[in-house]
Amino acid sequence: MARPLKENLHYFPFDVDFFEDKKIKALKGKYGLTGVMAYIYILCQVYKEGYYIEVDEDFILCMSDDLNISDNATRQILKYLCSRSLLCEIKDSTLSASVNVVTAKSIQRRYQEAKKDLKRDVFVKAEYWILEKSETYGFIKVRPYEDKSPINSDKSEINPDKSPINSIKESKVKKNKINEMKTDKSKSAGGGLRNSDPKNDFDNAEYRQLLVDDYGEDTVVRYEKKFDEWAKGKKAVNVNKYFEIDKWLLEDFG
């Protein structure tokens, strides 16, 4: 089984004019080099996870210990960084009230810049991705926000077509449809998909479209090429192309 694709970075771009930024100068003026060090520390922690990080009491305590500053100083610096838009706090109703998600537009710009050489789609969460569509690179695929809290239940009634509940139902319908297609093919083949004639694959156009809806056209095209390379040179490939691609996608993206 392929290893799950990770969102984190091993390193990130650092602007050479970092210390000339007015916001950094103001941070240094208010908290000294401790404030600057705290900001860089948070950037490193964020990129170790990806493009955001969950900040809770444990994070505060660990950061204070690593930087040898007080818990109160850590909280003050975090609050200041958010007030100057160097960081952005996001309240997520699915998380504990004591947990905030921290990111920033500058963080996400660097993140997608660092990811662009991967030559594959990168999936991000809509609730945490704060760059405008015009600022977001094409390979960044924003997954729909699935809000499970009752707080926003009225939104699903007002806009049923765009509601998180409707999105979940639609996803289930797609998966049920795929399972039905697999079952029907298995019965007709008398022994499962792997024993069927690949020239008589069940409605591949429909199966392919379901995968495109879930993972994006670019990703599906890339995995089609991967399948063709895998099948090249084999005497016989008694497997449904999109069934195999579906398995690979599940292994890689979950």
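What counts as what
Residues numbered from 1 in each chain as written. Predicted model: local features only at pLDDT ≥ 70, side-chain atom pairs only at ≥ 80, totals over all residues. Heavy atoms only, no water. Helix = DSSP H or I, 4+ residues; strand = E, 2+ residues; numbered from the N terminus. Buried < 20%, exposed > 50% of the residue type's maximum accessible area, 1.4 Å probe, protein only. Contact = heavy atoms within 4.5 Å. Patch = residues over 30% accessible without salt bridge, like charges linked within 9 Å, V, L, I, M, F, W, Y side chains within 5 Å. Areas by Shrake-Rupley, 256 points an atom, 1.4 Å probe, with all protein chains shown as cover. Salt bridge = Lys/Arg side-chain N within 4 Å of Asp/Glu carboxyl O. Lys, Arg positive; Asp, Glu negative; His and termini not counted. Charge placed at Lys NZ, Arg CZ, Asp CG, Glu CD. Pairing = 2+ DSSP bridges.

## Notes on the overall build of the protein chain
Line of reasoning, step 1. For the protein chain, the count of helices and strands is nine helices and five strands.
Line of reasoning, step 2. Ordering the α and β elements of the protein chain from the N terminus gives α-β-α-α-β-β-α-β-β-α-α-α-α-α.
Line of reasoning, step 3. Looking at the protein chain as a whole, 38% of its 254 residues qualify as buried.
Line of reasoning, step 4. Residue pairs at least 24 apart in sequence account for 60% of intrachain contacts in the protein chain once pairs closer than 6 positions are excluded.

## Quick word on unusual backbone geometry
Line of reasoning, step 1. Not every positive phi belongs to a glycine, and N68 is a case in point at roughly 60 degrees.
Line of reasoning, step 2. The phi dihedral of K119 is positive, around 60 degrees, even though this residue is not glycine.

## Things to note about a negative patch on the surface
Line of reasoning, step 1. A cluster of like negative charges, contributed by D15, D17, E20 and D21, occupies part of the molecular surface.
Line of reasoning, step 2. When you line up the elements, D17 lands in the segment before α1 (22–49).

## Section: the pairing of strand β3 (residues 100–103)
Looking along a regular strand, one sees side chains alternate from face to face of the sheet.
Line of reasoning, step 1. Residues N100 and V102 line one face of β3 and the alternating positions V101 and T103 line the opposite face, and both faces are buried.
Line of reasoning, step 2. Pairing of strand β2 (residues 88–90) with β3 involves three bridges; the strand directions are antiparallel. Across the sheet, residue I90 finds its bridge partner in β3, namely V101.

## Focus: the pattern of salt bridges
Line of reasoning, step 1. Tallied over the full model, the rule gives eight salt bridges.
Line of reasoning, step 2. Ionic pairing is found between R75 and E57, a salt bridge with its closest N-O pair at 2.6 Å. Linking R75 in helix α3 (residues 71–83) with E57 in helix α2 (residues 57–67), this pair joins segments that are 18 residues apart in sequence.
Line of reasoning, step 3. Residue R75 is classed as partly exposed on the basis of its relative accessible area of 36%.
Line of reasoning, step 4. Judged by relative accessible area, E57 falls into the partly exposed class, the value being 41%.
Line of reasoning, step 5. Bridged by salt links that share partners, the residues K105, R109 and E135 form one connected network.

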